[in-house]
Amino acid sequence: MFGIMETKWEQLTDDIAKGRIDPELNVEGEVHKQLNRILQPDPQRAKSLVHEFRKGFQGIAKRVWPYLCYMTAITTGSMKVYCQKLNEYYAPGIPILSYMYGSSEGVIGVNLLPSEQQAVYALLPRTNFYEFIPVGKCDQIQPDTLFSEELEIGREYEIVLTNEHGLYRYRLGDIVKLVRYHNNCPVVEFMYRRGQLLNLRGEKTPETAIYQALQDTIADWNGVGLVDYTCTDSVMLERCHTQPRQLFPRIPSSQTLSKATKKIEFQYYVIFLELENHDENKSEKSGYPSMEKLKTFDEHLRKHSSQYDMYRSQESIAPTRVHLVTSGSFKELKQYLIENSTASPMEFKMPRVLKRLGAVDFMMNRRL
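Read on for a plain summary of the structure. Everything numeric in this text was worked out from a predicted model, so none of it was measured.

Turning our eyes to something else, we now look at the pattern of salt bridges. Taken as a whole, this structure holds 19 salt bridges when the rule is applied. The salt bridge partner of E152 is R155, with a shortest N-O separation of 3.8 Å. Given a relative accessible area of 42%, E152 falls into the partly exposed group. In this structure, the salt-bridge partner of R312 is D298, at a minimum N-O distance of 3.0 Å. Here R312, found in helix α11 (residues 306-313), pairs with D298, found in helix α10 (residues 291-304); they are 14 residues apart in sequence, far enough to count as distant. The residues R312 and D298 share a single accessibility class, namely buried. Overlapping salt bridges bring together D139, E158, R171, R194 and K204 as one network.

Right, dumping it as structure tokens:
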């Protein structure tokens with residue numbers, strides 16, 4: 001919402017002033033008519049909004065809604081990057097609360113203490129019947145499951161769901177960590193989606209490790225903010241028609257290479273980053289981090305994933321390659337994925353690991 005407000009504020013304030021929906025917007029005809037019947041012109045409000053928008057969008061939430069006390073949003077998993085921008089840019093100082101843990105399969109848990117910084121959820125005992133697969137057994141076709149009372153605090157599990165709506169022992173694909181019990185009810189923290197892993201050698205690097213490494217890396221980049229990110233690996237690149245540019249130089253063939261190095265020359269992670277330059281005195285490209293700074297991501301990722309670090313030490317995986325993409329790339333990627341799938345815009349979540357060749361090729365063609 002805030003992103004649309006920042007880029008479309010002139011059209012928005014014009015519609016508020018005139019009390020209508022712009023006829024050029026892609027809105028269904030009957031919906032457009034009904035909205036226009038309800039809306040009333042408010043030129044005074046439009047004028048005050050224009051005044052605030054022209055000052056910039058740093059802290060805009062409190063300036064246009066002075067009585068705003070808190071916001072509700074999904075704050076876990078892949079949504080953390082957007083919540084951070086809310087906290088740092090659009091709505092600093094305004095709490096973001098996550099009340100519920102839900103999915104398209106139903107409501108799974110509620111946050112008993114939404115004001116706490118880390119969102120955790122008590123699973124609803126009368127809504128679903130829960131079983132749990134220890135994360136180390138998730139790759140098995142028919143793994144043994146545990147009941148709620150058999151879990152260990154601090155361990156991670158995949159949720160298996162049975163409910164009255166027809167789901168029977170349905171593997172949700174969500175990996176959660178048991179934080180504590182509320183009476184006899186498990187209280188869990190959402191960690192990541194099982195399918196959103198980078199896995200070249202069995203290391204299974206989750207999106208949480210990727211995001212934490214990105215946070216550590218970007219902390220050293222003054223004046224630069226993260227818009228969005230996604231990942232893939234060299235196996236997917238080899239299957240694409242687009243040839244990858246060399247972010248890390250190849251070792252000349254005249255040098256002696258170990259068997260492992262020869263074997264894994266193209267085995268590596270690929271990160272696509274869209275950044276924004278917060279320094280208005282610098283051009284978009286000049287404000288971006290240097291090649292050397294981009295390479296530090298690999299060092300940070302090794303700190304957040306012991307398995308990845310082990311394979312890097314063994315030279316079984318090459319250093320991660322980081323590609324910066326053009327401004328607006330992730331908006332275009334979202335549109336591309338929605339148009340080429342059955343997902344609706346309301347249900348869409350940006351995938352943190354790209355597993356479709358078309359999507360990988362799409363991002364490779366938008367590198368700076």
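For strand β3 (residues 100-103) and strand β4 (residues 106-110), the ladder comprises four bridges, and the chain directions are antiparallel. Directly across from S103, in β4, lies its bridge partner G106. Between the end of β3 and the start of β4, which pair antiparallel, lie two residues.

Calculation criteria
- Residues numbered from 1 in each chain as written.
- Predicted model: local features only at pLDDT ≥ 70, side-chain atom pairs only at ≥ 80, totals over all residues.
- Heavy atoms only, no water.
- Salt bridge = Lys/Arg side-chain N within 4 Å of Asp/Glu carboxyl O.
- Buried < 20%, exposed > 50% of the residue type's maximum accessible area, 1.4 Å probe, protein only.
- Helix = DSSP H or I, 4+ residues; strand = E, 2+ residues; numbered from the N terminus.
- Pairing = 2+ DSSP bridges.

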